[in-house]
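Letter by letter, the chains look like this.
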Amino acid sequence: MIPLVQQHYSDYYTWSHPLGEHCIAHSDGAVSCMISWQGIDTEIMTDDEKNAHYESLITFFEQLDSDYVYEQHLWREWDDSVAQRYLELNKTVERSEDFINYIRTEHAQHLSLYGMTNTVCLVITALPSKTLLSTLRLKKQLKDQSLLADKLIDHAKGVINYLSGSELLPFSEYRRRIVQSYDRTLDYKQPGPSSHNPQIPLNEQIVSFVPEVKGGCLVNQNICTKVLFIYLYPDAYAGWIEQLAQVNVAAHIVQILQPVNTLKAMNDSERSSNFAEGTASKKGADIQRRQMQDMNEFRSFVADNNLRIIKNAYIVHLHGDQDEVDALSKSLTALINKDGQVRANDYMQLPYFRVAQPGQGYLSPMLRPDHHIQCAYMSPVQVYAKGDVENPESL
């Protein structure tokens, strides 16, 4: 039987259309927005200084609202803007003009090959409340989605108080970040790729190709993206993200956060442990006992320290030539696998490429429970000081 509507790859993505000045409406009734903020720079700090810088982030994670899904994004991109600005401002010299300009140009061109910039944004998604009436009546569904957008913006304005240098981004900038994350062949800095056509659904405008799984990576026009899904977490600490945030390729690091009712989550976990204990078979009993012990210890730690439980996922995208992303992938995997576990199988590439796109995190097939301090310490928020980018006197 031939389906009435043929499904396309773009249908896996739910971006639909802009809603108001800041929001994106999703095809399933969800609504999302994006906040840019300055991140945290803990480079060359003592452990005590790092802990102090993370206190506000830990407080923010403790206050996350269970009605929303949050995505913390970090983009690491090649950036020669400071070197170019340096040349623009230092064209005039008083003596030995040819010699000085030659030295400055060579110096700037050399350093521009190594310039990289980290930027961070937070995406917040409000999930729809599905009712029979809204499902059957399109007008009711659109009205509910508009009301949900208003509620989301009010919540986002409250979130801004927790994040330094934060700003609620307009739709055009949110869309630009989606383009940056999905299609590496487009220059996201230019206005062209992010010009919106209101006649075409947003997912169809952005998802213009299906990434090809080849050699353990996703390939599009000779640009490879390696997807790493961190399945088991190491014990994190303030500044843990530094080892990921300074990789020497373009990268996109995403943390998906879905806060839950801690008391309910603890009760559900206890019931699962009791069930597992009562049904443990002789085969594999040692592993099951170890798992139950871990669950019991986790519940005790959360209760003893009055912590918040957050379901979450952690995904890393590495972009570049296949050889360099493969080499870096192996290096990062070996580093994290010392006391965690990374999964990067072929079957992981497309699903976790998809849910790591801005505004798609709520569709993640897997979220694991952790306490809010662990999540805060692992959050991809590391940025680096750029100096005076408007008037650079030296490089």
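Per chain, the residues get numbers from 1 upward, laid out in the order the sequence is written. Note on the predicted model: pLDDT of at least 70 is required for a residue's local features to be given, and 80 or more for side-chain atom pairs to be given and counted; whole-chain, interface and lining totals, by contrast, use all residues. Note: side-chain values were computed over all heavy atoms of the structure, leaving out hydrogens and water.

A. Region of the structure containing the overall build of the chain. Helix and strand labels come from DSSP, where a helix needs a run of H or I of at least four residues and a strand needs a run of E of at least two; each type is numbered from the N terminus. Counting its regular elements, the chain contains 13 helices and 13 strands. Exposure classes here rest on a 1.4 Å probe applied to the protein chains alone. A residue is buried below 20% of its type maximum, exposed above 50%, and partly exposed in between. Looking at the chain as a whole, 46% of its 395 residues qualify as buried. Of all intrachain contacts in the chain linking residues separated by at least 6 positions in sequence, the fraction that spans at least 24 positions is 83%. Per element, the accessible surface of the chain, about 20800 Å² overall, is 50% carbon and sulfur. Any two residues having at least one pair of non-hydrogen atoms within 4.5 Å are treated as being in contact. For the area figures, the Shrake-Rupley method with a 1.4 Å probe applies, and any residue is considered shielded solely by the protein chains shown.

B. Examining empty space enclosed by the protein more closely. Cavity: a set of points on a 1 Å grid over the protein atoms alone where a 1.4 Å probe fits but cannot get out. Pocket: an open set with protein on both sides within 12 Å along at least five of seven lines, its lining residues, like those of a cavity, having an atom within 4 Å of a point. Grid points are joined across faces, edges and corners, and a volume is the space filled by probe spheres set on the points. All told, the structure shown has one cavity of 30 Å³ or more when counted by the stated rule. In this structure, the largest cavity encloses a volume near 80 Å³. Every residue along the wall of the largest cavity is listed here: Tyr182, Arg184, Phe209, Pro211, Leu218, Val219, Asn220, Ile223, Thr225 and Phe353. Elements with a minimum of two residues in the lining of the largest cavity: strand 8 (217–220) and strand 9 (223–232). If you tally residues by element for the lining of the largest cavity, the top one is strand 8, at three residues. Of the residues that constitute the lining of the largest cavity, the class distribution is seven nonpolar, two polar and one charged. Residue polarity follows a fixed list, in which Ala, Val, Leu, Ile, Met, Phe, Trp, Tyr, Cys and Pro are nonpolar, Asp, Glu, Lys and Arg are charged, and the others, Gly among them, are polar.

C. Fine view of the nonpolar core. What is meant by a nonpolar core is a set of buried Ala, Val, Leu, Ile, Met, Phe, Trp, Tyr and Cys residues, joined one to another through side-chain atoms within 4.5 Å. Counting residues in hydrophobic clusters, the biggest one holds 59 residues, and the most contacted among them are Leu57, Phe61, Ile124, Leu244, Tyr314 and Leu318. Examining the composition of this core, we find that six residues originate from one element, helix 5 (residues 138–159), more than from any other. For Leu318, the contacting residues outside a window of four places in its chain are Cys224, Thr225, Lys226, Leu228, Val249, Ala250, Ala251, Val325, Leu328, Ser329 and Leu332. Core analysis: the next-biggest nonpolar cluster, separate from the first, contains 33 residues, Cys121, Val123, Phe353 and Tyr362 among them.

D. Local environment of helix 5. With 22 residues, helix 5 should reach 32 Å at 1.5 Å per residue; the first-to-last C-alpha distance of 31 Å fits that figure. Listed in full, the buried residues belonging to helix 5 are Gln145, Leu148, Ala149, Leu152, Ile153, His155, Ala156 and Val159. Buried positions in helix 5, seen along its axis, are confined to an arc of 165° and lie on one side of it. In this structure, helix 5 carries Lys139, Lys143, Leu147, Asp154 and Lys157 as exposed residues pointing more than 90 degrees from its buried face. By this rule, a helix spans an expected 1.5 Å times one less than how many residues it contains. Along the arc lie the directions from the helix axis toward the C-beta atoms.

E. A look at the pattern of salt bridges. A pairing counts as a salt bridge when a side-chain nitrogen of Lys or Arg comes within 4 Å of a carboxyl oxygen of Asp or Glu. All chains considered together, the criterion is met by five salt bridges. When the shortest N-O distance is used, the salt bridge between Glu173 and Arg176 registers 3.5 Å. Taken together, the positions of Glu173 and Arg176, both in helix 6 (residues 171–182) and three residues apart, correspond to about one turn of that helix. With relative accessibility at 17%, the residue Arg176 sits in the buried group. The salt bridge partner of Arg368 is Asp370, with a shortest N-O separation of 2.6 Å.

F. Up close: the packing of aromatic side chains. Centre distance within 6.5 Å is the pairing criterion for rings of Phe, Tyr and Trp, where only the six-membered ring of Trp is used; planes under 30 degrees apart are then read as stacked, over 60 as edge-to-face, and the remainder as tilted. A full pass over the atoms with the stated rule returns 13 aromatic pairs. Judged by centre distance (5.0 Å) and plane angle (45°), the rings of Tyr182 and Phe209 are tilted. Of the two residues, Tyr182 is situated in helix 6 and Phe209 in the loop between helix 7 (202–206) and strand 7 (212–214); the sequence distance between them amounts to 27 residues. Taking the relative accessible area as the measure of exposure, Tyr182 reaches 2% and is therefore buried. A connected cluster of aromatic rings, assembled from ring pairs, spans Tyr9, Tyr12, Tyr13, Trp15, Tyr182, Phe209 and Phe353. When the ring centre of Tyr12 is taken as origin, the NZ or CZ atom of Arg354, which lies over that ring, is 4.8 Å away. Our definition puts a charge over a ring when NZ of Lys or CZ of Arg is within 6 Å of the ring centre and also within 35 degrees of the ring normal.

G. The arrangement of the confidence of the model for the chain in detail. Confidence of the predictor in every single residue is expressed as pLDDT, which spans 0 to 100. Scored by pLDDT, the chain has a mean of 85; 76% of the residues are at 70 or more. Predicted confidence in the chain is weakest over helix 4 (residues 132–136), with a mean pLDDT of 53, and strongest over strand 3 (residues 31–37), with 98. Across residues 273–280 the pLDDT falls below 50, and counting only partners more than four positions away or on other chains, this stretch makes seven contacts in the model.

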